[in-house]
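# Tertiary structure, described
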Amino acid sequence: QLQLVESGGGLVQPGGSLRLSCAASVFTLDYYAISWFRQAPGKEREGVSCITSSGASTNYADSVKGRFTISRDNAKNTVYLQMNSLKPEDTAVYYCAAGLVCSGAYRAYEYDYWGQGTQVTVSS
């Protein structure tokens, strides 16, 4: 089974940047589309961004367009989420998930594999 581990979260001031990583172990990531989700305290989990298995196509939630960039390096078995111009409302636990598609719908049931999450806190 594919295992995913997120890293790179932490505390950052508003306007700052973080780069999250989603690394696969046990099995290759090459065949999977990867999506990033986030869940803020007291709120529903929402899709943030996704990338197809080849990296040819990406999708972003409206709330992060122009600020976040998703990319992947299949040779390193890793997907990245570069987050710039961070806002307090970006504070959440961020999860990566592997599935078959990057549709932009971000339906949780489309994803078979999930990481445990990494916390991002944007605060002064």
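Within each chain, residues carry numbers counting from 1 in the order of the written sequence. Side-chain atom pairs in this predicted model are given and counted only at pLDDT of 80 or more, local residue features only at pLDDT of at least 70, and totals for whole chains, interfaces and linings cover all residues. As a rule here, side-chain values come from all non-hydrogen atoms in the structure, and water together with hydrogens is ignored.

### Examining the packing of aromatic side chains
Only rings of Phe, Tyr and Trp enter the pairing, Trp through its six-membered ring, and a pair is recorded when the two centres are within 6.5 Å. The plane angle decides the type: under 30 degrees is stacked, over 60 is edge-to-face, the rest tilted. Scanning the model with the defined rule gives five aromatic pairs in all. Ring centres of Tyr 111 and Trp 114 lie 6.0 Å apart, and the angle between their planes is 75 degrees; this geometry places the pair in the edge-to-face category. Between buried and exposed lies partly exposed: a residue is buried under 20% and exposed over 50% of the maximum accessible area for its type, with that area taken using a 1.4 Å probe on protein chains only. Residue classification places Tyr 111 among the buried residues on the basis of a relative accessible area of 5%. Judged by relative accessible area, which is 25%, Trp 114 ranks as partly exposed. Members of the aromatic cluster, joined through ring pairs, are Phe 37, Tyr 106, Tyr 111 and Trp 114. When the ring centre of Tyr 80 is taken as reference, the NZ or CZ atom of Arg 19 above it lies at 4.3 Å. In our convention, an over-ring charge means Lys NZ or Arg CZ found within 6 Å of a ring centre and within 35 degrees of that ring's normal.

### What to know about a nonpolar patch on the surface
Surface patches are defined over residues having more than 30% relative accessible area and no salt bridge, joining like charges when they lie within 9 Å and nonpolar side chains (Val, Leu, Ile, Met, Phe, Trp, Tyr) when within 5 Å. Here the Shrake-Rupley method, with its probe set to 1.4 Å, supplies the accessible areas, and only the displayed protein chains count as covering residues. Salt bridge, as used here, is a side-chain nitrogen of Lys or Arg placed within 4 Å of a carboxyl oxygen of Asp or Glu. Side chains of Val 26, Phe 27 and Tyr 31 sit close together on the surface and give an oily, nonpolar patch of about 390 Å² of accessible area. Helix numbering and strand numbering both begin at the N terminus, where a helix is a DSSP run of H or I of at least 4 residues and a strand a DSSP run of E of at least 2. Mapped onto the elements, Tyr 31 comes out in the loop between strand E3 (18-25) and strand E4 (33-39). For Tyr 31, a relative accessible area of 65% translates into the label exposed.

Fair warning: the whole summary comes from geometry, so function is off the table for now.
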